[in-house]
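# Coordinate analysis (summary)
If you want the building blocks of each chain, they are given just below.
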Amino acid sequence: MSTLEAKGNWIGGAWRPSSSGEVREVRNPSNVDEVVGVVAWSTPADVAAAVESAEKAFRSWKNMPAPSRARILSKAADILAGRLEEVARLLSREQGKPIGEARGEVQRGVDLLHYYAGEGWRSLGHVIPSAAPGALMFTVREPLGVVGVITPWNFPVAIPLWKSCPALIFGNTVVLKPAADAPLTALAIASVFEEAGMPPGAFNVVTGPGSQLGDALIQHEAVKAVTFTGSNAVGAHIARQAAARGIKYQLEMGGKNAAIVLADADLDHAADVVISGAMRFAGQKCTATSRAIVERGVLDAFTEKVVERARRIAVRPATDEEAYLGPVVNEAQRQKVLEYIELGKAGEGKLAAGGGIPEGDLYARGFFVEPTVFVDVRPDARIAQEEIFGPVLSLIPADSPEQAIEIANGVKYGLSASLFTNDLTRAMQYIRDIEVGMVRVNAETAGVEFQAPFGGYKASSSYSREQGRAAIEFFTQVKTVTIAPAGGC
């Protein structure tokens, strides 16, 4: 397959090399011998150039009628739809997402562009009754200014777009800093916006090391807000910096998501869904199913079904059409996952499936991990408490539905949870008592539709919500207006 040559950063409507002249290869995690592309390895000076470009573009972009901004996003949606297969294959080669899921993610990007284009035609304020005779009082929502967007590698189309699209349609300008493990896909998004006629400076992309560029972005005086998805440690660092500057920040972070399986559940359906949530994209989703909490009366039967499905999973290079589970993103991530697996083997659970690196020439040059299942895991075990971000599932017994909910809530995270039951009363109790932002019944913990608010409780979020109409809350500020009659009435 061809290698993409370095275009540089997308700044001010032009492709620019790094100010240092340095570039970095991006390699395929399914086969590290394959160089997928070459990108600019940028410096804080490049971030400053991007922010200054965004600041320069802000007033004209803000003053452009929202329906005109909407037409640009709609055109971008059509262009991305026309490039769906090309971008999906790039995504799959760049960061190891199985090609079927990669196509779905790019289609989600198309849908996000269309959805937020629609926001350009919707109301942005309310009329409020005034106690003053003859006065008109109303609110309008206005953009913040330059928004820094810092995104992870696991959804390199969807997450940059579900952050950038609402920022743009509401009149902000954007500087996107994508993850170092998935920069090529972000540059493909920039190419789409270029062809769609995005004004120079309204949308910018700078590639390179996260620690240096992220700090430079947050600390720039022209940046008015930052939205971030990634680890809790980095999120806490961003929160401190943003709070010190008094700018808005939005954090979406980790999860330790549970699927509760009650005795009356359809066990075949639950096993299918739990395996999908735990193993697709090698478990590298913040909403992935990491724990299955199962009533003891059906624990053995459910375990048998889950283990049987785990052993049948097709582990393949990401671009293989049969791939159900591809590689993890890099060697450091694989070593982290394997360390957690060793904890499980050392007494935190009983190994029932997987537990290592698959053997064979097909896997020798990639970062593959076997789909792994532990049973009889203690709720307080590290593999049941800490985010692994890999294809590892812990099965935990519970003596009652109430205890299952208590175990599910007994972690620092609160992103997503599922309940499998045919009992409506139990489902309603679970909806009331579960401490997560994404509540599912008889459905997978992973994923959320783009028109719905997305976010978590506790350490999973900074108590804001992304996607859907909820995005307007972060990317705008409210101005209250009163117009009184001249001279009274």
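Our subject in this report is the structure included herewith. (Residues numbered from 1 in each chain as written. Predicted model: local features only at pLDDT ≥ 70, side-chain atom pairs only at ≥ 80, totals over all residues. Heavy atoms only, no water.)

### Some points on the overall build of the protein
- Looking only at helices and strands, the protein features 15 helices and 21 strands.
- In terms of overall size, the protein behaves like a compact globule, its C-alpha atoms giving a radius of gyration of 24 Å where 489 residues would be expected to give roughly 23 Å.
- Taken along its principal axes, the extent of the C-alpha atoms in the protein is 80 × 60 × 40 Å.
- Within the span of the protein, comprising 489 residues, buried residues form 60% of the whole.
- Considering only residue pairs separated by 6 or more positions, the protein has 74% of its internal contacts joining residues 24 or more positions apart.
- Surface exposure of the protein reaches about 18,800 Å², of which carbon and sulfur atoms provide 52%.
- Across the protein, the mean location of the 49 positive side-chain charges is 6 Å away from that of the 55 negative side-chain charges. (Helix = DSSP H or I, 4+ residues; strand = E, 2+ residues; numbered from the N terminus. Rg over C-alpha atoms; globule rule 2.2 N^0.38 Å. Buried < 20%, exposed > 50% of the residue type's maximum accessible area, 1.4 Å probe, protein only. Contact = heavy atoms within 4.5 Å. Areas by Shrake-Rupley, 256 points an atom, 1.4 Å probe, with all protein chains shown as cover. Lys, Arg positive; Asp, Glu negative; His and termini not counted. Charge placed at Lys NZ, Arg CZ, Asp CG, Glu CD.)

### Structural notes on the packing of aromatic side chains
- Tallied over the entire structure, the rule returns 10 aromatic pairs.
- Three or more aromatic residues joined by ring pairs make a cluster, and in this case those are W153, F155, F281 and F389.
- Between the NZ or CZ atom of K97 and the centre of the ring of F281, over which it lies, the distance is 4.5 Å.
- Cation over ring: R122 sits above Y115, and NZ or CZ is 5.3 Å from the ring centre. (Phe/Tyr/Trp six-rings, centres within 6.5 Å; stacked < 30°, edge-to-face > 60°. Lys NZ or Arg CZ within 6 Å of the ring centre and 35° of its normal.)

### Thoughts on the pattern of salt bridges
- Under the counting rule described, the total for this entry stands at 30 salt bridges.
- Salt-bridge contacts for D268 lead to K305; the nearest nitrogen and oxygen are separated by 2.9 Å. One end of the pair, D268, is in helix α9 (residues 267–279); the other, K305, is in helix α10 (residues 299–312), with 37 residues separating them in the sequence.
- We classify D268 as partly exposed; its relative accessible area is 37%.
- Taken together, the shared-partner salt bridges in this structure form one network comprising D268, D272, K305, E308, R309 and R312. (Salt bridge = Lys/Arg side-chain N within 4 Å of Asp/Glu carboxyl O.)

### Considering α10
- Look at α10: 20 Å from first C-alpha to last across 14 residues, which is about the 20 Å you get at 1.5 Å a residue.
- For α10, the set of buried residues is L299, F302, T303, V306, V307, R309 and A310. Looking straight down α10, one finds that the buried residues subtend no more than 165° of arc, so they occupy a single side. α10 presents D300, E304, R311 and R312 as exposed residues on the side facing more than 90 degrees away from its buried surface.
- The inward-facing, buried residues of α10 contact β12 (257–261), α9, β13 (289–295), β14 (350–353), β15 (372–375) and β16 (392–398). (Expected span 1.5 Å × (residues − 1). Arc of directions from axis to C-beta.)

### A closer look at helix α4 (residues 99–119)
- With 21 residues, α4 extends 31 Å between its outermost C-alpha atoms, agreeing within 8% with the 30 Å of an ideal straight helix rising 1.5 Å per residue.
- The buried fraction of α4 amounts to 15 of the 21 residues, a majority that puts the element mostly inside the structure.

### A few points about the environment of M253
- You can see M253 is positioned in the loop between β11 (248–252) and β12.
- Remark: the alpha-carbon pair of M253 and S461, spanning 208 residues in sequence, is separated by 5.8 Å.
- Setting aside anything within four residues of it in sequence, one finds M253 in contact with F228, G230, S231, N232, G235, C286, A459, S460 and S461.

### Notes on the packing of helix α3 (residues 84–95) against helix α6 (residues 183–196)
- Axis separation between α3 and α6 bottoms out at 8 Å; the angle between their running directions is 160°. Taken together, the axes of α3 and α6 are roughly antiparallel relative to one another. As α3 runs across α6, the sense of the crossing is left-handed. Residues V87, L90, L91 and E94 of α3 touch α6, and the partners they reach there are P183, L184, T185 and A188.
- Classifying every residue of the contact of α3 with α6 by side-chain character gives 6 nonpolar, 1 polar and 1 charged. (Axes fitted to C-alpha atoms, helices over the stretch in contact; angles between N-to-C directions. Parallel < 35°, antiparallel > 145°, perpendicular 65-115°, else oblique. Left-handed = near helix turned anticlockwise from the far one by under 90°. Nonpolar A, V, L, I, M, F, W, Y, C, P; charged D, E, K, R; others polar.)

### A short note on the sheet that holds strand β21 (residues 476–483)
- With antiparallel pairing, the 3 strands of this open sheet are ordered in space as β5-β6-β21. Every other strand in the sheet has two partners, leaving β5 (127–128) and β21 as the edge strands with one partner each.
- By the bridge criterion, 2 bridges tie β5 to strand β6 (residues 136–143) in an arrangement that is antiparallel. Looking across to β6, one finds that V127 is bridged to F138. (Pairing = 2+ DSSP bridges.)

### Some details on the environment of M279
- Tracing the sequence through the fold places M279 in helix α9.
- Each C-alpha atom, one on M279 and one on R291, is 12 Å from the other, the two residues being 12 residues apart in sequence.
- Residue contacts for M279: discarding those within four places in its chain leaves I313, Y324, L325, P371, T372, V373, P391 and L393.

### Comments concerning the layout of surface pockets
- Considered as a void within the structure, the largest pocket measures approximately 820 Å³ in volume.
- Grouping the amino acids of the lining of the largest pocket by side-chain chemistry returns 18 nonpolar, 13 polar and 6 charged.
- By volume, the second largest pocket amounts to about 450 Å³.
- Contributions of two or more residues to the lining of the second largest pocket are made by α4 and α5 (158–169).
- In terms of residues, the lining of the second largest pocket owes the most to one element, α4, which gives 4 residues. (1 Å grid on protein atoms, 1.4 Å probe; cavity = no way out; pocket = protein on both sides within 12 Å on 5 of 7 lines; lining within 4 Å. Points joined across faces, edges and corners; volume = space filled by probe spheres on them.)

### Concerning the pairing of β15
- Residues T372 and F374 point to one face of β15 and V373 and V375 to the other, with burial holding for every one of them.
- By the bridge criterion, 3 bridges tie β14 to β15 in an arrangement that is antiparallel. Across the sheet, A353 pairs through a bridge with V373, a residue of β15.
- Judged from the 3 bridges that link them, β15 and β16 form a sheet pairing that is parallel. The residue bridging T372 from the neighbouring strand is V392, located in β16.

### So, the side chain of Q95
- Locating Q95 in the fold gives a position in helix α3.
- Within the structure, Q95 has its side chain in polar contact with the backbone oxygen of N154 (distance 3.2 Å).
- Other than its neighbours up to four places away in sequence, Q95 contacts P29, W153, N154, F155, P156, D181, A182, F281 and V329. (Polar contact = N/O pair within 3.5 Å; in protein donor to acceptor, adjacent residues only side chain to side chain.)

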